[in-house]
Amino acid sequence: MKFSIKKILLGLVGGALVFGAISGCAGRHGGHGSDEDRAKFQSRMVEKAGKKLDLNDAQKLQLNVLADKLQQQRAALMGASKDPRAELQALLSGPKLDKTKAQALLDEKTAAIKTKSPEVIAAAADFYDSLNPAQQQQIRDLMSRRRGWGG
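All figures in this text were calculated on a predicted structure; none of them were measured in a lab.

### Observations regarding a nonpolar patch on the surface
Reasoning step 1: On the surface, a cluster of nonpolar side chains totalling about 290 Å² of accessible area is made up of L88, L92 and L97.
Reasoning step 2: Relative to the helices and strands, L97 is located in the loop between helix 4 (84–91) and helix 5 (99–130).

Rendered as structure tokens:
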């Protein structure tokens, strides 16, 4: 029984990662665009995933909820910073690392993860649980084929 629970949890986390990647792509391609651009991109990605997995309307709705939660978590991780790279570079610009600012930055990101992750996990679970066994297997197969940064 424990092995099945581990498989389910692995599937949920994996599903969240797959859709996190989708959301990450949405952020990369639409990160500098308007909210409308990001919404269009998210809609296209959900439609593409919907076709690949042969999702019904209820499943597409749950996938949209998951994508929204992932986007909210991404926004929370970004925080008030418009340029996180510049923020990191500022930490490294002097002769010594500013430990206080680095810890504050880490605390901010950790808090964002802690507050938003339960919503993302719940949305991922709702979506994954709505899939039939064949669709769940497609998710697992996709995850096993895509490894590393480049897929």
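### A word on the confidence of the model for the protein
Reasoning step 1: Averaged over the protein, the pLDDT score is 79; the fraction of residues at 70 or greater is 74%.
Reasoning step 2: Across residues 25–31, confidence stays below pLDDT 50; counting only partners more than four residues off in sequence or on other chains, it has 10 contacts.

### What about the packing of helix 3 (residues 57–78) against helix 5?
Reasoning step 1: Here helix 3 crosses helix 5 at 170°, and the two axes come no closer than 9 Å. Looking at the two axes, helix 3 sits roughly antiparallel to helix 5.
Reasoning step 2: Here the contact of helix 3 with helix 5 is composed, by residue class, of 13 nonpolar, 6 polar and 6 charged.

### Thoughts on the packing of helix 2 (residues 35–53) against helix 3
Reasoning step 1: With their axes 10 Å apart at the nearest point, helix 2 and helix 3 run at an angle of 135° to one another. Between helix 2 and helix 3, the angle falls in the class oblique. Of the two possible hands of crossing, helix 2 and helix 3 adopt the one that is right-handed. Residues R38, Q42, V46, E47, A49 and G50 of helix 2 form the contact with helix 3, whose participating residues are K60, L63, N64, A67, D68 and Q71.
Reasoning step 2: When grouped by side-chain class, the residues that make up the contact of helix 2 with helix 3 number 4 nonpolar, 4 polar and 4 charged.

### Details of the nonpolar core
Reasoning step 1: Membership of the largest hydrophobic core comes to 15 residues, with the highest contact counts inside it found for L53, L55, L63, L66, F127, L131 and I139.
Reasoning step 2: When contributions to this core are tallied by element, the ones reaching two or more residues are helix 2, helix 3 and helix 5.
Reasoning step 3: Of the residues forming this core, the biggest block, 5 residues, is contributed by helix 5.

### Re unusual backbone geometry
Reasoning step 1: If you check the backbone angles, D54 has positive phi at about 55° while not being a glycine.
Reasoning step 2: When you line up the elements, D54 lands in the loop between helix 2 and helix 3.
Reasoning step 3: Overall, D54 belongs to the exposed group, its relative accessible area being 64%.

### Comments concerning helix 6 (residues 133–145)
Reasoning step 1: When the terminal C-alpha atoms of helix 6 are compared, their 18 Å separation across 13 residues agrees well with the 18 Å that a helix rising 1.5 Å per residue should span.
Reasoning step 2: Taken together, the buried positions of helix 6 are occupied by Q135, Q136 and I139. Taken around the axis of helix 6, the buried residues stretch over an arc of 105°, which confines them to a single face. Those residues of helix 6 that are exposed and angled more than 90 degrees off the buried face are P133, A134 and R145.
Reasoning step 3: Sitting at the head of helix 6, N132 places a side-chain oxygen 3.0 Å from the backbone nitrogen of A134.

### Observations regarding the pattern of salt bridges
Reasoning step 1: With the rule as written, the count across this model stands at 4 salt bridges.
Reasoning step 2: Between K60 and E47 there is a salt bridge; the shortest N-O distance is 3.5 Å. Taken as a pair, K60 in helix 3 and E47 in helix 2 lie far apart in primary sequence, 13 residues in all.
Reasoning step 3: Exposure remark for E47: the relative accessible area of 35% places this residue in the partly exposed category.
Reasoning step 4: Residue E108 is joined to K109 by a salt bridge in which the shortest nitrogen-to-oxygen separation is 3.8 Å.
Reasoning step 5: By relative accessible area, which is 33% here, E108 ends up partly exposed.

Definitions and limits used
For every chain, the first residue of its written sequence is number 1, and the numbers climb from 1 along that sequence. Predicted model: local features are reported for residues with pLDDT of at least 70 only, side-chain atom pairs are reported and counted for 80 or more only, and whole-chain, interface and lining totals are derived from all residues. Computation of side-chain values covers all heavy atoms of the structure but excludes hydrogens and water. Two joining distances apply to patches: 9 Å for like charges and 5 Å for nonpolar side chains (Val, Leu, Ile, Met, Phe, Trp, Tyr), and every residue must have over 30% relative accessible area and no salt bridge. All accessibility values rest on the Shrake-Rupley procedure with a 1.4 Å probe; residue burial counts only the protein chains present in the view. Salt bridges are defined by distance alone: a side-chain nitrogen of Lys or Arg within 4 Å of a carboxyl oxygen of Asp or Glu. A run of H or I in DSSP counts as a helix once it spans at least four residues, and a run of E counts as a strand once it spans at least two, with each numbered from the N terminus. Per-residue confidence from the predictor is reported as pLDDT, which spans 0 to 100. Pairs of residues are marked as contacts when any of their non-hydrogen atoms sit within 4.5 Å. Lines are fitted to the C-alpha atoms to define the axes, a helix being fitted only along its stretch in contact, and any angle between axes, read from their N-to-C directions, falls within 0 to 180 degrees. In what follows, roughly perpendicular refers to angles from 65 to 115 degrees, roughly parallel to angles under 35, roughly antiparallel to angles over 145, and oblique to any angle outside these ranges. Residue classes follow a fixed rule: Ala, Val, Leu, Ile, Met, Phe, Trp, Tyr, Cys and Pro count as nonpolar, while Asp, Glu, Lys and Arg count as charged, and any other residue, Gly among them, counts as polar. Crossing handedness is read from the near helix: turned anticlockwise from the far helix by less than a right angle, it gives a left-handed crossing, and turned clockwise, a right-handed one. Among buried residues, the Ala, Val, Leu, Ile, Met, Phe, Trp, Tyr and Cys ones that are joined through side-chain atoms within 4.5 Å form a nonpolar core. Residue exposure (1.4 Å probe, protein chains only): buried if accessible area is under 20% of the type maximum, exposed if over 50%, otherwise partly exposed. A helix is expected to span 1.5 Å for every residue after the first. This arc corresponds to the set of directions leading from the helix axis out to the C-beta atoms. Pairs of N or O atoms within 3.5 Å make up the polar contacts considered here, provided that, within protein, one atom can donate a hydrogen while the other can accept it, and that residues adjacent in sequence are counted only when both atoms are side-chain atoms.

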